[in-house]
Amino acid sequence: MQYDVIIIGGGLGGLACGTILSRTGRSVLVLERGAQAGGCIQSYRRGGLMYDTGFHYVGGLGEGQSLRPLFDELGLMSLPWHQLDAEGFDHVMIGSRNFLFATGYDAFVRTLADEFPHERKELEQYADMLRNCGDNARRLMQTSAYEYLTGMFRDPLLVNVLSGTSMKMELRRNTLPLFTFAHCQAPFIESSWRLRGDGGMIVRRLMSAIRENGGQVLCGADVEELEVRDGRVAAARCRNGETFEGRTFISSLHPALTCGLVKTGLKDTFRQRIVTQQNTQGMFTVSLRTKPQRVPYFNYNQYIYRKPNVWTFMEDVGGVGGVMVSCRVPEKGVWTEQIDLLTPVRWTMWEEWKDSGARRRPMFYEHLKRRLADECIQLAERFIPNLSDKYDRRYISTPLTWRDYTATPDGSAYGMRKDYHQPMMTMLSPRTPIPNLLLTGQSLVLHGLQGVVKTAFETCSEILK
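Just so you know, these numbers come straight off a predicted model, no measurement behind them.

Examining the overall build of the protein chain
No. 1: From N to C terminus, the protein chain includes 16 helices and 19 strands.
No. 2: In summary, the protein chain has a C-alpha radius of gyration of 22 Å against a globular reference of 23 Å for 465 residues, a match within 12%.
No. 3: Principal-axis analysis of the C-alpha atoms places the extent of the protein chain at approximately 65 × 50 × 45 Å.
No. 4: Here the contacts in the protein chain between residues at least 6 apart in sequence split such that 71% fall between residues at least 24 apart.
No. 5: With the model as given, the accessible surface of the protein chain reaches about 19000 Å², and the carbon-plus-sulfur share is 48%.

A word on the layout of surface pockets
No. 1: Of the pockets and cavities examined, the largest pocket occupies roughly 760 Å³.
No. 2: Forming the walls of the largest pocket are 30 residues, and the residues nearest its centre are Tyr44, Arg46, Ser397, Thr401 and Tyr405.
No. 3: Mapped onto the lining of the largest pocket, the elements with two or more residues apiece are strand E3 (43–46), strand E14 (282–290), helix H13 (363–380), strand E18 (391–397) and helix H14 (399–406).
No. 4: Per-element accounting of the lining of the largest pocket gives the leading share, five residues, to H14.
No. 5: Here the residues of the lining of the largest pocket sort into eight nonpolar, twelve polar and ten charged.
No. 6: Lining of the second largest pocket is provided by 28 residues; of these, Phe179, His183, Val445, Leu446 and Lys454 occupy positions nearest its centre.
No. 7: Within the residue set of the lining of the second largest pocket, elements represented by two or more residues are helix H4 (120–131), helix H5 (137–141), helix H8 (178–183), helix H9 (186–190) and helix H16 (448–464).
No. 8: Considering every element that reaches the lining of the second largest pocket, the biggest residue donor is H16, with four residues.

A closer look at the sheet that holds strand E9 (residues 192–195)
No. 1: Spatially, three strands are ordered E5-E9-E6 in an open sheet, and the strand pairing comes out antiparallel. Of all strands in the sheet, those bounded by a partner on one side alone are strand E5 (58–59) and strand E6 (81–83).
No. 2: As judged from the two bridges shared by E5 and E9, these two strands associate in the antiparallel manner. Bridge pairing in E9 links valine 58 to tryptophan 193.

Overview of empty space enclosed by the protein
No. 1: A complete count under the given rule lists four cavities of 30 Å³ or more for this structure.
No. 2: The wall of the largest cavity is formed by 50 residues, among which Cys40, Ile41, Trp402, Ala413 and Gln442 lie closest to the centre.
No. 3: Elements with a contribution of two residues or more to the lining of the largest cavity: helix H1 (12–22), H14 and H16.
No. 4: The biggest single contributor to the lining of the largest cavity is H16, with four residues.
No. 5: Among the residues forming the lining of the largest cavity, the class breakdown is 21 nonpolar, 26 polar and three charged.
No. 6: In this model, the second largest cavity occupies a volume close to 140 Å³.
No. 7: Contributing to the lining of the second largest cavity are 14 residues, with Asp52, His56, Cys327, Arg328 and Asp340 lying nearest its centre.
No. 8: Elements supplying a minimum of two residues to the lining of the second largest cavity: strand E4 (49–52), E9, strand E16 (322–327) and strand E17 (338–345).

Conventions and cut-offs
- Residues numbered from 1 in each chain as written.
- Predicted model: local features only at pLDDT ≥ 70, side-chain atom pairs only at ≥ 80, totals over all residues.
- Heavy atoms only, no water.
- Helix = DSSP H or I, 4+ residues; strand = E, 2+ residues; numbered from the N terminus.
- Rg over C-alpha atoms; globule rule 2.2 N^0.38 Å.
- Contact = heavy atoms within 4.5 Å.
- Areas by Shrake-Rupley, 256 points an atom, 1.4 Å probe, with all protein chains shown as cover.
- 1 Å grid on protein atoms, 1.4 Å probe; cavity = no way out; pocket = protein on both sides within 12 Å on 5 of 7 lines; lining within 4 Å.
- Points joined across faces, edges and corners; volume = space filled by probe spheres on them.
- Nonpolar A, V, L, I, M, F, W, Y, C, P; charged D, E, K, R; others polar.
- Pairing = 2+ DSSP bridges.

This is the structure in structure tokens:
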């Protein structure tokens, strides 16, 4: 059988493309190397509870807001979404002070202007920039986020506060484009939401939609080559010898992995451009199972920094300098059962163990994991006193864990690094030099759940015209 569309990789981007295209009547096949689909938003079960990997909250799902029509199209709005506190969906603690991000641009400006009255006009200009970031994409791609913020605001503390919710991107002073920064802030100010349940609900809903539309999702299908004939991809060959023929192919893998699958027919200049790009940092995560009735549910995310050094805290050798604290919406009652602690980490911290496999790491690796987990918990205790006594299980993941389960090079949390100095080099189009091979996923232009979904629609528009 020859499929209309074969999608390599069953992460969010691949499943979103599969859902969109299968609804048009095309025959769709999704090939996923892992035992389960989902990629960076897959969930895992431990001790009877489901834990998330990369999904914690999403923005812009309100009526008329930026992500709502795309989620409607994908059938995701019927999931049990739970809106975070409008008065403060994100809290940023720097030292001993706590600042709130309110829902809606006017409330966002008003709340922060109460803390920084001398910067009210600048906050209004900043909010306008966020509102219109899509209309000014080309200019913002070529603008430094750090230089914009430090040039706009006179108070360094306000720069740190506005940047304090940015663990959902890589804060890098000499590369981060203002477009990336704005995209990762604006939808959440529109409105912010958690799922009443695990992120795997998104995966299961998209897989069901593909199958209901006559498509297929095959797990354990590890593609080792995309066979090129007469200048076009003709088939995907798996390690077990199975071969699947198609008319159009979409890869939701990291672009460097996609290049590795194409042995012939890909221009050297394109291949070199991809494989020489740097990847963003990874994420260290501690998932806690709390003891019964010990931690009340909090309907917001708490970001905590030891010092007012949000852009540079990873360079501080004194231990974990910043952590995001998030919790699962309880199934019933007011007590949460799960808390996630996240902090960004560099690949170089873990690189010496890159050749070791999951569950076969050396003792030094395990010691480092435990030390960093303890430091995350200690920092989180500024928000939840005595947290160390309020949980009975913890599960730790590192960039190596991320790499092993999602095949993401360097355990990167946000895909390829974007650089405002050379946006056309680091921001990719869905098209490749091979006319029937397209790309999707967070390494193209936008990352995060919002970015991957928007990119999936862009990729599919190349097919649907």
